[in-house]
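Structural features, examined
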Amino acid sequence: MLDLQGRTAVVCGGTQGIGFAAARLLAHDGATVVIVARDPGRLAKARAELPTPVDQAHRTVTADFAEPELVRAAIQADLAAHAGAEILVNNTGGPPGGPITAATADEFLAAFKSHLIANHLLAQVMLPGMRHAGYGRIVNIVSTSVKQPLKGLGVSNTIRAAVAGWAKTLAMEVGPDGITVNNVLPGATRTGRLESIVANRAKSSGTAASEIERQMEAEIPMGRFGTPDEIAEAVRWLASPDASYVTGISLAVDGGRTSVL
């Protein structure tokens with residue numbers, strides 16, 4: 001258990017998958033968690049399932065990342081009503097798959113807004129509180145495509161690279177304040193996103209979903225998909241005091257699949 005007692009963590013997309021796994025681990029370590037997502041029913045369910053090992057009052061914020069300004073305003077209002085927050089986990093569902101040659105301008109713009117712009121606005125809202133607390137951790141859930149573009153994910157590859165560039169730049173600017181900014185790059189992880197990718201590949205190729213999964217797992221040195229908890233463990237550590245001298249990195253958690261350094 002890492003010591004996050006007295007800290008507050010804003011976890012985006014925290015009702016399922018990697019986001020919920022991260023929220024659960026941060027709560028287990030003592031942080032008060034503010035889960036941000038667009039579905040009130042899922043938000044209530046996720047909050048009820050968070051552990052409370054110390055005196056924590058977890059909260060939820062309803063917001064749609066397709067509207068970054070509304071997300072910013074909602075978080076700003078929540079933090080103004082409470083004591084601020086020192087940890088930000090940026091996590092948003094990936095753009096639809098498809099070749100880059102078929103991508104429309106609107107698809108790029110929508111992904112840019114829900115990922116980079118939303119991340120940026122939330123960081124701007126939270127940085128003053130981090131500076132005041134003398135503690136700040138920004139962790140972005142991105143993709144291994146930052147290191148090695150993935151086939152059939154043209155828009156995602158492009159936007160993820162932009163987020164990584166933004167994060168590295170931000171890390172250099174806020175480092176003197178003791179605030180760290182890092183990216184976690186999940187590989188193939190058993191989430192709804194992976195199920196969608198498998199289903200789309202199966203449909204387009206006429207191959208059974210089980211065979212698509214077998215082929216994907218064969219590309220991973222560890223021979224299996226990851227779990228949301230395994231990705232969340234990296235988020236947990238980067239959010240902790242133990243990672244105080246780690247900033248500006250993109251950490252692949254992918255079972256060894258990425259073939260570049």
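In this report, we go over the structure that sits alongside the text. Residue positions are counted from 1 within each chain, in the order its sequence is given. Thresholds applied to this predicted model are a pLDDT of at least 70 for local features of residues and 80 or more for the giving and counting of side-chain atom pairs; totals over whole chains, interfaces and linings are not thresholded and use all residues. Water and hydrogen atoms play no part in the side-chain values, which are based on all heavy atoms of the structure.

**Some remarks on helix α3 (residues 68-81)**
Residues spaced three or four apart along an α-helix point in a common direction, a consequence of the helix completing one turn every 3.6 residues. Here is the rule: The way it works is that DSSP assigns letters per residue, a run of H or I at least four long becomes a helix, a run of E at least two long becomes a strand, and they are numbered from the N terminus. The span one expects for a helix is its residue count, reduced by one, times 1.5 Å. Note on classification: 1.4 Å probe, protein chains only; a residue is buried when its accessible area is under 20% of the maximum for its type, exposed when over 50%, partly exposed between these limits. The arc under discussion is defined with respect to the helix axis, by the directions toward the C-beta atoms.
Relative to the 20 Å expected for 14 residues at 1.5 Å per residue, α3 spans 20 Å between its end C-alpha atoms, a close match to the ideal helical length. For α3, the complete set of buried residues consists of Pro68, Val71, Ile75, Asp78 and Leu79. For α3, the buried positions fall inside an angular range of 95° around the axis, keeping them on one side. Away from its buried face by more than 90 degrees, α3 exposes Leu70, Ala80 and Ala81.

**Some words on the packing of α3 against helix α4 (residues 105-133)**
How we decide: Between N-to-C directions, angles span 0 to 180 degrees; the directions come from axes that are lines fitted to C-alpha atoms, helices contributing only their stretch in contact. Angles are sorted into four bins: roughly parallel if under 35 degrees, roughly antiparallel if over 145, roughly perpendicular if 65 to 115, and oblique for all others. Crossing handedness: left-handed means the near helix sits turned counterclockwise from the far one by under a right angle, and right-handed means the same turn made clockwise. Note on contacts: a residue pair is in contact if any heavy atoms of the two residues lie within 4.5 Å. Ten residue types, Ala, Val, Leu, Ile, Met, Phe, Trp, Tyr, Cys and Pro, are classed as nonpolar, four, Asp, Glu, Lys and Arg, as charged, and the remainder, Gly among them, as polar.
Orientation of α3 relative to α4, taken along the N-to-C sense of each, is 25°, at an axis distance of 9 Å. Relative to α4, α3 is oriented roughly parallel. Crossing angle aside, the handedness with which α3 passes α4 is right-handed. Contacts between α3 and α4 involve Pro68, Glu69, Val71, Arg72, Ile75, Gln76 and Leu79 from the former and Lys113, Ile117, Ala118, Leu121, Leu122, Val125 and Met126 from the latter. Considered class by class, the residues forming the contact of α3 with α4 number 10 nonpolar, 1 polar and 3 charged.

**Section: the nonpolar core**
To be explicit about the condition: Residues belong to a common nonpolar core when they are buried Ala, Val, Leu, Ile, Met, Phe, Trp, Tyr or Cys residues joined through side-chain atoms within 4.5 Å.
Grouped together as the largest cluster of nonpolar side chains are 34 residues, with contacts concentrated most on Val10, Ile75, Leu88, Met126, Ile138 and Leu170. Mapped onto this core, the elements with two or more residues apiece are β1 (8-12), β2 (32-37), α3, α4, α5 (154-174) and β6 (179-186). The element contributing the most residues to this core is α4, with 9 residues. Those residues in contact with leucine 88 that sit more than four places away from it in its chain are Val10, Cys12, Leu122, Ala123, Met126, Met130, Arg137, Ile138 and Val139.

**Quick look at the sheet that holds β6**
Condition: Pairing between strands is defined by DSSP: at least two bridges between the two strands are required.
Reading across the sheet, the 7 strands line up as β3-β2-β1-β4-β5-β6-β7 and stay open at both edges, with parallel pairing between neighbours. Two strands in the sheet have a free side with no partner beyond their single neighbour: β3 (59-62) and β7 (250-253). Recorded for the sheet is a direction-independent mean angle of 20° between the axes of neighbouring strands. The pairing of β1 with β2 spans 5 bridges and is parallel. Across the sheet, the residue bridging to threonine 8 is threonine 32, located in β2. Where α5 meets the sheet, its contacts fall on β4 (87-90), β5 (136-141) and β6, and the angle it forms with β6 comes to roughly 160°. Of the strands in this sheet, β4, β5, β6 and β7 touch helix α8 (residues 228-238), which is tilted by about 170° from β6.

**A short note on the environment of alanine 161**
Relative to the helices and strands, alanine 161 is located in helix α5. A relative accessible area of 42% places alanine 161 in the partly exposed class. Residues alanine 161 and alanine 111 lie 50 residues apart in sequence; the distance between their C-alpha atoms is 12 Å.

**Quick word on empty space enclosed by the protein**
Remark: the empty space left among the atoms is shown by a probe the size of a water molecule rolled over them. Put simply, the rule is: Both cavities and pockets are sets of points on a 1 Å grid over the protein atoms alone; in a cavity a 1.4 Å probe fits but cannot get out, in a pocket the set is open with protein on both sides within 12 Å along at least five of seven lines, and lining residues sit with an atom within 4 Å of a point. Grid points are joined across faces, edges and corners, and a volume is the space filled by probe spheres set on the points.
Going through the model one piece at a time under the given rule, you end up with 1 cavity of 30 Å³ or more. The calculated volume of the largest cavity comes to roughly 70 Å³. Its residues assigned to classes, the lining of the largest cavity shows 3 nonpolar, 6 polar and 1 charged.

**Points about the side chain of arginine 137**
What counts here: Polar contacts here mean pairs of N or O atoms no more than 3.5 Å apart (in protein, one a potential hydrogen donor and the other a potential acceptor; neighbouring residues in sequence count only if both atoms are side-chain atoms).
With respect to the helices, strands and loops of the structure, arginine 137 is situated in strand β5. A distance of 3.2 Å separates the side chain of arginine 137 from the backbone oxygen of serine 240, its partner in a polar contact. Once you skip the residues sitting within four places of it in the chain, arginine 137 turns out to touch Glu86, Ile87, Leu88, Met130, Gly178, Thr180, Leu238, Ala239, Ser240, Pro241, Ala243 and Ser244.

**Some thoughts on the pairing of β5**
The two faces of the sheet receive side chains in turn, since in a regular strand these alternate between them. With 6 of 6 residues buried, β5 is to be regarded as a mostly interior element. On β5, burial covers both faces: Gly136, Ile138 and Asn140 on one face and Arg137, Val139 and Ile141 on the other are all buried. Direction of pairing for β4 relative to β5: parallel, over a ladder of 4 bridges. For leucine 88, the partnering residue across the bridge sits in β5 and is isoleucine 138.

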